[in-house]
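Spelled out, the chains give:
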Amino acid sequence: MNSEIIPPSPNWYCSRATDTNTEGIFLFAARHSICLFNARKPRAEFVGHLIGHTERVVGVVFSKNDGQSNLCASVSEDLSVRVWDIRSLSELHRHNSHKDKPTAIDWSELGKDLIVTGDVKGTILCWNFVDKKVKSFTPEHGHIFCLSCSPHNVAHVIVGYKSGVVLVINIGKRGGIVHKLRGHDDEVHSVVWCPVAGEEIKVNKQQTVENDVNETVENEEKIVEKPNGCLVATSSRDRTVRLWNMSQGKAVMTLRLPSRVGGFRAKEKGEEDPRRSRVWLTLYWPKNTPRRLISSSHSGEMLFWDLCRPGKNKCDVFGQADGIFHSRIVFNISFGGDIGAKMFITTSMDRQIIKWNMDTLQSEWNMPSLGGFLYCLDTSPHDPGRLAIGSGDNLIRVWNTSSLANQHDISTFWQGIKSKVTALSWHPKIEGWLAYGTDDGRVGIYGVFSNKPPRLSSTYHKRTVYRVCWGPVCSNNSLSEEKQSLSLYSCAGEGVILQHNPDKLDADAVNINHIISATNDVKNVIPQRTELSWKPEGDVVAIGNEDGSIEIFHAPNLLHLCNIFVQHKLINCLKWFPNLQSSDQSESLSDNQSDHRYWLASGSSEPMIHVYDLKDALNGDESQQGSKQISTSFCVLHGHTMKVTNLSWNPARDGKLASASYDGTVQVWDVLKKGDPVANFRGHSGRVLAVEWSVMDEDIVFSGGDDFTLMKWNVSKQQHTKPPKNKKEAQQMIYSRPRGKTKNKKEKKSTSSKIDVNIEASQVSKLPSEMSFDELLEQRKKEILEEKAVKDGAETVPVPDTVKEVSDTVEESSDKAPVNVGLEQLRGIDEEGDARADVSRVLNNAGDAGRNVSEQVEVITCKLKKSEGKKRRKVKSLFPISASLDNRGKQSLQEDCIKIAEMKYGTGESETSAGSGDQTHLGLFGTRREAYAMFREEEKHHMESANLESYYCLELWKGNIGGVLKEATEKQQLTDHLVTMSTLGGHDVFLTTAEAYANQLVHFEFYSKAATYYLACHKVYEAIEVLSQHKRLREAISLACVRLSPLDPVLKDLYTKWAQVLESEGNYEQAAKCCMQIGEPVSAVRLLSRKGDRLSLTTALKVATISREMDAASLLVSTFVFENLQSYSWEEAQSVIKNIDNVMHLQILLDVHEVLVSCLKDVNESMFSDMDITFTDLNIKSENVIDDLSSWPRYEIENKQCIPYIIDKYQAKIQKGIDVKYVYESLLQCRQSIGGTMSFSQVLIQVAIDLTLGHLTGSQDKASEHWLHAVTLCHDDGYYDMEKVLFCLTLNRGMLEVDLHDDSQTVTIRGSKLSLYGYYSLLLLYNIWWDFSTAHQKSNLPFYFHHLLCEDIDDKATGGESDLNLKNQKMDILVSKLGTISNVLLSEDHAELQKLRDSLKYIQQAVSNLLVKHREDVADPCGGTNEDQESQTANQTVECELKGKLSTNSGTGLQDELSTNGCIKAKDVEVAKLPETWDYHPLYEKFKHPAVTLAILTKEQTKIMDVLARIPEDSKNSSFPSPIESAMVLLYFLRQLLRIDLLHPDILRLRLMTLVFGETYAITKQHEDFFREYEDIVPY
């Protein structure tokens, strides 16, 4: 093949939709076709399609026999089974004997020509396609899911049913069921035979690591061979794999899917996971590993089972290290294509096809597929190798076609897309922005390089969006202040083009017709818009209309330039000549090439393509603009036979144009040569909807359409240069389009009641839709003549010559006017009776030739009319023997007359035995005894012919009601008619018969009908029990409601049982209904809250409130409120919980959270820009500031702080007032329930709780602790806007609340409140730094703020001063603020505390190093005896105790313990001589000195602990910003200020003070280096 392909997705929920032959050809069923790939290649290589089925293909299989590797079989829902040759891609054989939808197929390995299929009604057909015979079995009535032919016995087939039953049947002459395997309780998904004979599985006693290369045969063949024995594996939706032996039909092993695979967690006992409905468990038994089995799992994981491994864990999971794995359930596993290599191939719901390696447990390659029509393609202007793909499976794919490592490097985007993607367009300037339109009218923008969902426009189209593109902002207002770069335009099926603002998609889109009307004073009706295309320069737009006209407008006010009236049908596509050029072209374009930029190509619902040269129209006199009418095109491209859907210019600017069409081809034209055809691509099997020329390679084109495929092909390698010649040829080429079902009514009604039926070859003949007109006419003629022969008793009827003349005439005229015979026309001839009209209509379609022979056809139609009308149904005789004897001929009838005369009037004894033997028919003319004899003969014949209905009828005629009913009951052959007739025997007989018939119906699984007959014999409870036992709970409850008392306990039991079943299926809402019906609202609330989402919790709380189950409501209310807080639904939460007791703390929390979000949105509008948040009626104002230092707003409600206002509001609602202590403790429990890593919304809730707790305490110190907890949480997680809002809501006066002495500038407040102001000062410092140091906006520090702090200067006071004085005044204010901030941040107490704590850390590290050295130096004189080992253990124990004593400051007596401990050497406890300056050494070097011992470390730690003990507890327990970090930031900022004013005395003083502070309390070497560097640097 000369093309690469992304194929259609393999069909889902089929037991065998894939297979691979020994030559490595992998095939899979995709819709109604079959795709072939070469799987042995390093990357799957497309081979071809097998096309012919008209409905979904449900099964494919290769022949496993020698010499038949090129043959495969398929079965489809069109009721046909076909055999194909993959080399010629042609069909060889077919049969259409299925009456119901087939579901499974297999090709026997031992029967060379035997293909077995099964259907939804349980019918199994065995087809020998060489002998053209089909044999039918129905061993069990039920839906067949899978089947497999035995590789060990040609007559054995294993079948899996939807009910969970597995049958092993014999399809040979004897037939019958060999084994009925019961174990699964749900539908069976896969059945596989072990590839080798044998039934015993030897489990390894000790599992060892096996060498995959040198593994011995003994280890591999753990299945011991036995004569006539083999194993079978079955898998089911019940998540089990069961192994069975065929000698006894018993289960030998059960494998259960592991509870945790790929994130899946099984539910508790008694619960059912909702994802069970999506479980599909398929199997593959490799031939080269007979003791290992491969299966799928819950969510796409592949499991490798080792049957001989001991223990419960018998499986390995195929790895996901390379990032290639299935993310959804796997439907099929097939052979990998190479007998020597251990490979297999899987297909999944995630639309990936993956080839796996069993040795490495990793993937070899993967291939994506498409699950819908391919509607659009677009190449990124920033990355030419990145191709966007829009398809009908609600996905956007971005294919990196330039990737060398992965041929199919495709990213998939699905979030927020709920319909087919019908239009795509990359942003020409912003990389990664991809606009899209969908079938439901939505327009959105995806950021493909982010993990965020798309941004959707708030304006929807009413119909499908056909085009989206980017263009300049258009407006009829020339004074518009809007400065956005580009707008997004969308055109949809309702005929409207909308302009969307990409920065404000929540705003209403603009209908450009309004702009056009206002600019051009349009008074006429504007046509329906169907297409638009912006010129690459962005100054001109072309708009296509429904009437075929094209209008050209000039941006930005959409001034009308000209009209094009050439085409007459709807415009589908418009393309301007591109402005790109290939690398080998020079930068300067010639005049001819520059003129090409005015070319516009247009495709419509007509097959022609027009190219317009608009140079004169776009460059003409502006006074004549709008009045220009263009009625001719520059170039007309003829060739397509159907409408054109898409166009694409070659970006190399060589004048080549690619066009896609409904005729199934892509045509390449050379417009420079007046439209000469260059190449025609015919690789698609359906209509082509999209085409895109590659920017990377001028010879490559991408195309896709309704065949679910994306093709990548080379222009230079195409065999054809022109499209198909005519429309008929094009339609024949698109042979994969569904044509509807081919089964006619007569076939549908006919059924077979026999078990073994040999279907002759005539039943495997052609379908009517495949016959020619002559064949159809000849067939109908034979049927009419045969009917006439039967009716008239004639043996043959001569064929009129007229028929031959008509056939010859039509055949001769077929070249001039082909005759199209449709299925409905044939049905008209066959069933409706008006044959003359139908034949005449068919011939009229043939043109003039048909009209010339109309008189000859009249002769035929008149004769056909005689046999019209409904066929009379032939009534079967109750006395077939008598009837046949009465029809033996005239002589026999005369002899019968003589015998009857002898019987009636003869004098002697007659020898005639009337009523038996050859004289059975004479019993009708004899005595009553002889009539009974005749009945016995006829009944015997009916029994032998299995005509039980006639037999029972004759018995009833004889009056033997009891005998008939007894026999029919014993044989379970009762019928409705017999039950009706039982009333003749009396009421008791009727009741007995009705009950027996009900039992019979239960046996044959007709439960509803059985319940009806139980009711007929007044057994209501039995009827209900039958329905209940067989999962007809809805019917059982309905019956109980109308027939039982409402107080009957059976009714409650039924509701309880139904609730349990519904709960196991995940239908919690329906189960809750049942619980409420039986008076268990608590259980209903529990069920409704199981899903845990906001809507479920809302419903559960409302039910609990209405039913007055307040205890149940109180258990859910906290979770419900938290869910609403995360979705910002405060009003809804308040409305639900207002009637619940003891939730005042949650009501306050809701209001506080709303205040917090409102203030956050005021500080940073972009934080919630992508959310639609509705606030309540809280009127929050920010007219004042908290202090002059920060000028941050002080948020108030009615001139009062927000949080106290909310608390007072609820205080006023309750007469006794709120219990503050209870509210405080309840909120404190809510805070403690939140833990672990928190998201933004969770942090916001935590902060709201702490904010509320602080205002509820009533103590300033306690409140500061809560607020400090919230501030540190925001600061540590980087939520600085939230931290700023916290200060605005808590510090009512800002830094004015800090009491500073004028003389010493010492902070008098301590503890948590001081820490609070520390964080406030640090945040303020960063704020000032970023506002005035624009040169550092690109630094790596993660802080930025946007409020300028110098706006507090009074402009009036400085209005008359010079610029220099103004600058100095601003600098003085700034330095004054920095001085105030430094007084808080550069706290010597906290710096000393931090240094002491770091010293303890260095001491601990030094102790650990000494202990490690001690262990290394301990001698082992006895060579490792047990005593020495005990001594070593004792040493380790002592070392642990030493660490504990050091860490807990239990230093008393430690020196003595060290000196007396025999495990520690003397040199470790002797006080070594240290340098005199050792006390002044830096911490990072001080305790690393070689003379430092444990005793010295203990002494140093004691000193430090004594110092720490003198520090107040509130200072130690409250976190404070690192003074060293603050000094570094302040010093860095002061350096920037000195560059502005080098000699400013306050800056120099503050710089010197900061340097001294930093050098004094520097801890690490990095700190010292930093301050030393800034000490040496002189700003300039």
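Residues numbered from 1 in each chain as written. Predicted model: local features only at pLDDT ≥ 70, side-chain atom pairs only at ≥ 80, totals over all residues. Heavy atoms only, no water.

This paragraph deals with the overall build of the protein chain. Within the protein chain one finds 45 helices and 64 strands. Buried residues in the protein chain amount to 51% of all 1580 residues. The contacts of the protein chain with a sequence gap of at least 6 include a subset with a gap of at least 24, amounting to 56%. Surface exposure of the protein chain reaches about 77200 Å², of which carbon and sulfur atoms provide 48%. (Helix = DSSP H or I, 4+ residues; strand = E, 2+ residues; numbered from the N terminus. Buried < 20%, exposed > 50% of the residue type's maximum accessible area, 1.4 Å probe, protein only. Contact = heavy atoms within 4.5 Å. Areas by Shrake-Rupley, 256 points an atom, 1.4 Å probe, with all protein chains shown as cover.)

Before going further, it helps to spend a moment on the packing of aromatic side chains. What the rule picks out here adds up to 38 aromatic pairs. Ring geometry for phenylalanine 1240 versus tyrosine 1279: centroids 5.3 Å apart, planes at 65°, classification edge-to-face. Taken together, the positions of phenylalanine 1240 in helix H32 (residues 1240-1257) and tyrosine 1279 in the loop between helix H33 (1260-1277) and helix H34 (1280-1290) put the pair 39 residues apart, joining distant regions of the chain. Since its relative accessible area comes to 23%, tyrosine 1279 is described here as partly exposed. Through successive ring pairs, a cluster of aromatic residues spans Tyr1128, Trp1130, Phe1168, Phe1175, Phe1240 and Tyr1279. The ring of tryptophan 433 has arginine 455 lying over it, and the distance from NZ or CZ to the ring centre is 4.9 Å. (Phe/Tyr/Trp six-rings, centres within 6.5 Å; stacked < 30°, edge-to-face > 60°. Lys NZ or Arg CZ within 6 Å of the ring centre and 35° of its normal.)

Here we take up the sheet that holds strand S7 (residues 71-76). As summarised here, the arrangement of the 4 strands in space is S6-S7-S8-S9, forming an open sheet in which the pairing is antiparallel. Pairing within the sheet leaves two strands with one partner each, and these edge strands are strand S6 (57-62) and strand S9 (90-95). Strand-to-strand twist across the sheet, computed as the mean angle between neighbouring axes with direction ignored, equals 25°. Here 5 bridges tie S6 to S7, and the two strands are oriented antiparallel to one another. (Pairing = 2+ DSSP bridges. Axes fitted to C-alpha atoms, helices over the stretch in contact; angles between N-to-C directions.)

Turning next to the sheet that holds strand S43 (residues 487-492). Reading across from one edge, S42-S43-S44-S45 is the order of the 4 strands in this open sheet, with antiparallel pairing throughout. Looking at which strands have only one partner, the edges of the open sheet turn out to be strand S42 (465-471) and strand S45 (510-511). Two strands pair when backbone bridges link them, and S43 and strand S44 (residues 497-500) are joined in this way by 4 bridges, in the antiparallel orientation. Bridge pairing links tyrosine 489 to glutamine 499 in S44.

What follows covers H34. Across the 11 residues that make up H34, a large majority, 11, are buried. Those residues of H34 that fall on the buried side of the exposure criterion are Tyr1280, Asp1281, Met1282, Glu1283, Lys1284, Val1285, Leu1286, Phe1287, Cys1288, Leu1289 and Thr1290.

What follows deals with the environment of glutamine 499. For glutamine 499, the location among the structural elements is in strand S44. Taking C-alpha positions, glutamine 499 is 4.7 Å from tyrosine 489, a pair spaced 10 residues apart along the chain. The contacts of glutamine 499, once residues within four sequence positions are left out, are Pro472, Val473, Cys474, Ser487, Leu488, Tyr489, Ala509, Val510, Ile512 and Ile515. Here the side chain of glutamine 499 touches tyrosine 489 through a polar contact of 3.0 Å, side chain to side chain. (Polar contact = N/O pair within 3.5 Å; in protein donor to acceptor, adjacent residues only side chain to side chain.)

In contact at an axis separation of 8 Å, helix H16 (residues 948-957) and helix H17 (residues 961-970) are set at 155° when each is read in the N-to-C sense. Looking at the two axes, H16 sits roughly antiparallel to H17. Side by side, H16 and H17 meet where Tyr951, Tyr952, Glu955 and Leu956 of the first sit next to Ile961, Val964, Glu967 and Ala968 of the second. Taken together, the residues of the contact of H16 with H17 sort by class into 6 nonpolar, no polar and 2 charged. (Parallel < 35°, antiparallel > 145°, perpendicular 65-115°, else oblique. Nonpolar A, V, L, I, M, F, W, Y, C, P; charged D, E, K, R; others polar.)

Here the focus is the pattern of salt bridges. All told, the structure shown has 37 salt bridges when counted by the stated rule. Residue aspartate 1151 is joined to lysine 1209 by a salt bridge in which the shortest nitrogen-to-oxygen separation is 2.9 Å. In this pair, aspartate 1151 is assigned in helix H29 (residues 1144-1163) and lysine 1209 in helix H30 (residues 1202-1213), connecting sequence segments 58 residues apart. The class of aspartate 1151 is buried, set by a relative accessible area of 6%. Classification of lysine 1209 by relative accessible area gives partly exposed; the value is 25%. Put simply, Asp78, Arg82, Glu91 and Arg94 are held in one network by salt bridges that share partners. (Salt bridge = Lys/Arg side-chain N within 4 Å of Asp/Glu carboxyl O.)

Counting buried residues in strand S49 (residues 559-564) gives 5 out of 6 residues, a clear majority hidden from the surface. Summarising the sheet, strand S48 (residues 550-554) and S49 pair through 5 bridges and their orientation is antiparallel. Within S49, the position partnered with isoleucine 552 by the bridge is cysteine 562. Linking S48 back to S49 in an antiparallel pair, the connection comprises 4 residues, with leucine 558 at a positive phi of about 55°. As defined by bridge partners, S49 adjoins strand S53 (residues 628-630) across 3 bridges and the pair is classed as parallel. Bridging from a neighbouring strand, isoleucine 564 pairs with isoleucine 630 of S53.

Looking now at the pairing of strand S21 (residues 231-236). For a regular strand, the rule is simple: side chains alternate between the two faces of the sheet. Counting buried positions along S21 yields 6 of 6 residues, so the element is predominantly enclosed. Bridging between strand S18 (residues 188-193) and S21 involves 5 bridges; their strand directions are antiparallel. For valine 192, the partnering residue across the bridge sits in S21 and is alanine 233. Where S21 lies against strand S22 (residues 240-245), 5 bridges are found, and the strand directions are antiparallel. Directly across from valine 232, in S22, lies its bridge partner tryptophan 244.

Here we take up the packing of helix H43 (residues 1523-1540) against helix H44 (residues 1545-1561). At a closest axis distance of 9 Å, the pairing of H43 and H44 adopts a crossing angle of 150°. In this view, H43 runs roughly antiparallel relative to H44, as classed from their interaxial angle. Crossing of H43 against H44: the hand is left-handed. Along the contact surface, H43 presents Pro1523, Ile1524, Ala1527, Leu1530, Leu1531, Leu1534, Leu1537 and Leu1538, while H44 presents Ile1547, Leu1548, Leu1550, Arg1551, Thr1554, Leu1555, Phe1557, Gly1558 and Tyr1561. (Left-handed = near helix turned anticlockwise from the far one by under 90°.)

Ranked by internal contacts, the top residues of the largest apolar core, which has 162 residues, are Leu1101, Ile1137, Val1247, Phe1287, Leu1289 and Leu1378. Broken down by element, the residue count for this core peaks at 12 residues, all from helix H35 (residues 1311-1332). If we ignore the near neighbours within four places in the chain, the residues touching leucine 1101 are Ala1113, Leu1116, Val1117, Phe1120, Val1136, Ile1137 and Ile1140. In this structure, Leu36, Phe62, Val81 and Val83 belong to the second largest nonpolar core, which totals 28 residues. (Core = buried A, V, L, I, M, F, W, Y, C linked by side-chain atoms within 4.5 Å.)

Turning to the confidence of the model for the protein chain, a few remarks are in order. In this model, the protein chain carries an average pLDDT of 77, and 76% of its residues clear a pLDDT of 70 or more. Within the protein chain, strand S38 (residues 421-426) carries the highest mean pLDDT (96), whereas helix H9 (residues 823-832) carries the lowest (34). Predicted confidence is poor over residues 581-590, with pLDDT under 50, and the contacts of this stretch with residues over four places away or in other chains come to 14 contacts. Counting interchain partners and residues more than four positions distant, the pLDDT-below-50 stretch residues 735-770 has 59 contacts. (pLDDT = per-residue confidence, 0-100.)

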